[in-house]
Amino acid sequence: MSGSALTLAGLLHQYDGGGGFTLRCPEFSVAAGESVLLLGESGSGKSTLLSLICGILAPKEGRIDIAATELSKLRPAARDAFRAEHIGVIFQQFNLLPYASAQDNVLLPLHFSSARRARVTDPPARARALLAALGLPEGTAAVAARHLSVGQQQRVAVARALIGAPELIVADEPTSALDATTQGTFLDLLFDQCRAAGSALLMVSHDPRIGSRFDRVVELADIVTTERAAAA
Amino acid sequence: MIFRLAFASLLARSLTVGMTVLSIALSVALFLGVEKVRTGARASFADTISNTDLIVGARSGSVQLLLYSVFRIGNATNNVTWESYQDIAARPEVDWIVPISLGDSHRQFRVMGTTAEFFERYKFRGGRDLAFEDGRGLEDLYDAVVGADVAETLGYSVGDPIVVSHGLASFTEHADQPFRVAGVLEKTGTPVDRTVIVSLEAIEAIHVDWQSGGRIPGQSTPVDEIRQMELTPTAITAALVGTESRLQIFALQRWINEYPEEPLLAVLPGVALQELWAIVGVAETALIGVSAMVVVTALIGMMAMIFSSLNERRREMAIFRAMGAKPRTILGLLVLEAALMAAIGALAGMALLYAALAVGRPLIDAAFGLWLPLDPPSLRELQTLAAVIAVAVIVSLLPALRAYRLSLADGMMVRT
């Protein structure tokens, strides 16, 4: 299927809380298998947009389609299940379970997603293969995440997003904790694995230097407008 | 795998989790310990007298008869005449009969007059015999055998002189006829420990110069003369009876209860003990209640611990959510965690109790005469453990629901 991995249309989100923050996104899409870099500073609505895409927040108006499903129509529990099935998330802070081994961290999404689980024949072997492909030294798969270096944690987080080949990988500033050289190597590995899994990649960053590797670079400000109430 | 993760998460917080598990373990050990002591005490109580088929005394209540004849608490309202005693002893159903004569005391302990047969016939704890720690039984008229508590409290050993007081709390002493400690009994955990045993004849002997509770003025029969006298008692307080066959117990009991010459009462010790336990047993309910409260306190402590850990664990829960876990999975995870802690605590408590029992059993027996059996856990104990886990699950629902709400609000983005 050469359709789109993600389509946003006429999106309007408003926080009910005190801030009175409003976010609009009239149109944006990512094609299947495409890699897109969203450039934007913090406070530009990045996190809110990602939460909407991941189905953590529900938009007030408009629609979100991921892998031919209208996410914005689903009930909260169904959105959780949908996220588990179709989206791999890489966080700025990696967000690994510190007490669990690298391998268990990678296997975690499969526990909540039958479709991704079905795509993997031997999950532990696949997890180790992914970790190895991402350049994690052998033997580290059994090590608890809190004992890994920052770079290693980064790779575990990527392997966790990639396992079971979800249609869309969403990455929030995954390189901010790395220096320039490691950044390059890391992105190479990430791209290789996304291609191998056939997943589309949507990365949010404030760093324009990495843009050359992506199919497309989009300024966040071009697709999203935000308003804050005067009180803020 | 979720189970493994929950376990790993607990291990990662081993200090607080360890304290919580420890408090649950201690409370469970206390609860089961109280339960053990309670059943042990009950069994021990029921074992105060065994292999005796009937206790006979003057007509009163069965509990009262048991209290004064076996526990040496309170007094007999009336005596049994020697003629009645002999009538009973002559019955064909009677295998053996041991008379008991009470009424005098030595310091704070009761003096009991009986025959040498008492040492053979009196059994406790399922047929155990009285045994001598030191010395021998009653041979001379002025021999006395003292129980373990008497010997310990008053520092008596074989050969020491004893002067018996008249009545139970009096300053009139039978000073003219001192006894000699002939034997010291081993600890039994029964009222025998607190008894000074002399022969029935000796009780008569010290009362030769007495009449209706008072000394006959000016009269003092020399000991040599007394030794020559016929010292058959005119009355006894009670008697322990063994029958030829257990089937005859009830027939003999009816015969005694309907004895026309004198109002008598015969009771089955087991039945009377049960009646008495029904009265004493109220305290055990209170004990159980208190120790159950301790268990509940420990579980509430666990709940507080989970509550206070929620904030630092918001990130962990957000990770689960980002991976596609539903808020209800988060709820389940916390409940599972509580159940795990309670299960580990309960098992550790049980292990603790058995370890303590294995070490402390002989000490408890020596100090209190309470023999606690080291049986495999009873169904009731297993039920208790299950109940602890069930209550843990219930109390953990409160923090789990809060986690549920937090994870709904936080989603997968926790700003730290």
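Definitions and limits used
Residues numbered from 1 in each chain as written. Chains lettered and ligands numbered in written order. Predicted model: local features only at pLDDT ≥ 70, side-chain atom pairs only at ≥ 80, totals over all residues. Heavy atoms only, no water. Helix = DSSP H or I, 4+ residues; strand = E, 2+ residues; numbered from the N terminus. Rg over C-alpha atoms; globule rule 2.2 N^0.38 Å. Buried < 20%, exposed > 50% of the residue type's maximum accessible area, 1.4 Å probe, protein only. Areas by Shrake-Rupley, 256 points an atom, 1.4 Å probe, with all protein chains shown as cover. Lys, Arg positive; Asp, Glu negative; His and termini not counted. Charge placed at Lys NZ, Arg CZ, Asp CG, Glu CD. Pairing = 2+ DSSP bridges. Axes fitted to C-alpha atoms, helices over the stretch in contact; angles between N-to-C directions. Contact = heavy atoms within 4.5 Å. Parallel < 35°, antiparallel > 145°, perpendicular 65-115°, else oblique. Left-handed = near helix turned anticlockwise from the far one by under 90°. Domains from an automatic or database assignment. Buried area = accessible area lost by both parts, 1.4 Å probe. Salt bridge = Lys/Arg side-chain N within 4 Å of Asp/Glu carboxyl O. Polar contact = N/O pair within 3.5 Å; in protein donor to acceptor, adjacent residues only side chain to side chain. Nonpolar A, V, L, I, M, F, W, Y, C, P; charged D, E, K, R; others polar. Phe/Tyr/Trp six-rings, centres within 6.5 Å; stacked < 30°, edge-to-face > 60°. UniProt positions renumbered as here; feature names shortened; annotations may be inferred.

**Topic: the overall build of chain A**
When helices and strands are counted, chain A shows 8 helices and 10 strands. Its C-alpha atoms give chain A a radius of gyration of 17 Å, near enough to 17 Å, the size a compact globule of 232 residues would have. Of all 232 residues assigned to chain A, the portion counted as buried reaches 56%. Surface summary for chain A: the accessible area is close to 9600 Å², and the carbon and sulfur share equals 50%. Here chain A contributes 21 positively and 23 negatively charged side chains, and the mean placements of these two sets differ by 5 Å.

**Overview of the sheet that holds strand β3 (residues 35–39) of chain A**
Residues and elements named next belong to chain A. Strand order in this open sheet of 5 strands is β6-β7-β8-β3-β9, and the pairing throughout is parallel. The open sheet has two free edges, formed respectively by β6 (87–90) and β9 (216–219), since each of these has just one partner strand. When the angles between neighbouring strand axes are averaged without regard to direction, this sheet yields 15 degrees. As paired strands, strand β7 (residues 168–172) and strand β8 (residues 200–205) are joined by 5 bridges and run parallel to one another. Residue pairing for β8: D172 is matched across the bridge by V204. Here helix α7 (residues 180–197) sits on the sheet and contacts β3, β6, β7 and β8; the angle it forms with β8, its principal contact strand, is near 150 degrees.

**Side note on the packing of helix α12 (residues 314–322) of chain B against helix α13 (residues 327–368) of chain B**
Residue and element names in this part refer to chain B. Between α12 and α13, whose axes approach to 9 Å, the crossing angle comes to 135 degrees. Taken together, the axis directions place α12 and α13 in an arrangement best described as oblique. For the pair α12 and α13, the sense of crossing is right-handed. Taking contact as the criterion, the partners of M317, F320 and R321 in α12 are, on α13, P327, I330, L333 and L334.

**Describing the environment of R194(B)**
Residues and elements named next belong to chain B. Mapped onto the elements of the fold, R194 is located in the loop between β10 (179–185) and β11 (195–199). A relative accessible area of 43% places R194 in the partly exposed class. Counting along the chain gives 45 residues from R194 to D149, while the straight-line C-alpha distance between them is 5.4 Å. Excluding residues that lie within four positions of it along the chain, R194 makes contacts with Q108, F109, R110, D149 and V150.

**Notes on the domain arrangement of chain B**
Residues and elements named next belong to chain B. In terms of domain boundaries, chain B breaks down into domain 1 (2–45 + 280–412) and domain 2 (54–267). Distance between the C-alpha centres of domain 1 and domain 2: 52 Å. Of the residues lining the interface, 8 residues belong to domain 1; the matching set on domain 2 comes to 4 residues. When domain 1 packs against domain 2, the two sides together hide about 420 Å² of surface, and 52% of this comes from carbon and sulfur. At the junction of domain 1 with domain 2, the criterion picks out 0 salt bridges. Here domain 1 is connected to domain 2 by 0 residue pairs in polar contact (both at pLDDT 80 or more). For the side of domain 1 that touches domain 2, the element with the highest residue contribution is α13, accounting for 4 residues. Residue classes in the side of domain 1 that touches domain 2 are distributed as 6 nonpolar, 1 polar and 1 charged.

**Remarks on the packing of helix α3 (residues 102–112) of chain A against helix α6 (residues 150–162) of chain A**
All names here are of chain A. Interhelical geometry of α3 versus α6 gives an angle of 30 degrees and a closest axis separation of 7 Å. Overall, the two elements α3 and α6 adopt an arrangement that is roughly parallel. Between α3 and α6 lies a crossing whose hand is right-handed. Contact with α3, carried on its side by A102, N105, V106 and P109, involves V156, A159 and R160 of α6 and no other residues of that element.

**Describing the interface of chain A and chain B**
Listed as interface residues are 26 residues of chain A and, on the opposing side, 23 residues of chain B. Buried surface at the junction of chain A and chain B, summed over both partners, amounts to about 2300 Å²; 69% is from carbon and sulfur atoms. Per-residue buried area on chain A facing chain B is highest for Y99(A), D104(A) and F112(A); these three make up 27% of the total on that side. Counting across the chain A and chain B interface gives 2 salt bridges. One salt bridge connects R321(B) with D80(A), and the closest N-O pair in it is separated by 2.8 Å. Our count for the contact surface shared by chain A and chain B stands at 5 residue pairs in polar contact (both at pLDDT 80 or more). For the side of chain A that touches chain B, the elements supplying multiple residues, two or more each, are α1 (46–53), α2 (76–86) and α3 of chain A. Sort the elements by how many residues they give to the side of chain A that touches chain B and α3(A) lands first, with 6 residues. A breakdown of the residues in the side of chain A that touches chain B according to their chemical character gives 16 nonpolar, 5 polar and 5 charged.

**Quick notes on the packing of aromatic side chains**
All names here are of chain B. Counting across every chain of the model gives 8 aromatic pairs over all chains. Taking 5.9 Å as the distance between ring centres and 85 degrees as the angle between the ring planes, the aromatic pair formed by F118 and F119 counts as edge-to-face. What makes F119 buried here is its relative accessible area of 11%. Pairwise contacts between aromatic rings join F118, F119, Y122 and F132 into one cluster.

**Focus on the pairing of β7(A)**
Residues and elements named next belong to chain A. Buried residues dominate β7, accounting for 5 of its 5 residues. Here β7 shows a buried face lined by L168, V170 and D172 and a second buried face lined by I169 and A171. Sheet analysis places β6 next to β7, joined by 4 bridges and oriented parallel. Considered in β7, the bridge of G88 is made with I169.

**Focus: the sheet that holds strand β2 (residues 22–31) of chain A**
Residues and elements named next belong to chain A. The antiparallel open sheet is built from 5 strands, whose spatial order is β5-β4-β1-β2-β10. The two strands at the open ends of the sheet, each matched to only one other strand, are β5 (69–70) and β10 (225–227). Bridge count for strand β1 (residues 4–14) against β2 is 9 bridges, and the pairing is antiparallel. Following the sheet pairing, T7 is matched in β2 by S29.

**Overview of the side chain of E337(B)**
Structurally, the position occupied by E337(B) is in helix α13. Among all residues touching E337(B), those that are not within four sequence positions of it are S9(B), L10(B), R13(B) and R313(B).

**Brief notes about the UniProt feature "transmembrane region" (unreviewed entry) in chain B**
All names here are of chain B. Residues given the UniProt feature "transmembrane region" (unreviewed entry) here are residues 6–32, 263–280, 286–310, 331–364 and 384–404. The span residues 6–32 is 96% helix and 0% strand, and its two end C-alpha atoms sit 28 Å from each other. Here residues 263–280 runs as 67% helix and 22% strand, with 28 Å between its end C-alpha atoms.

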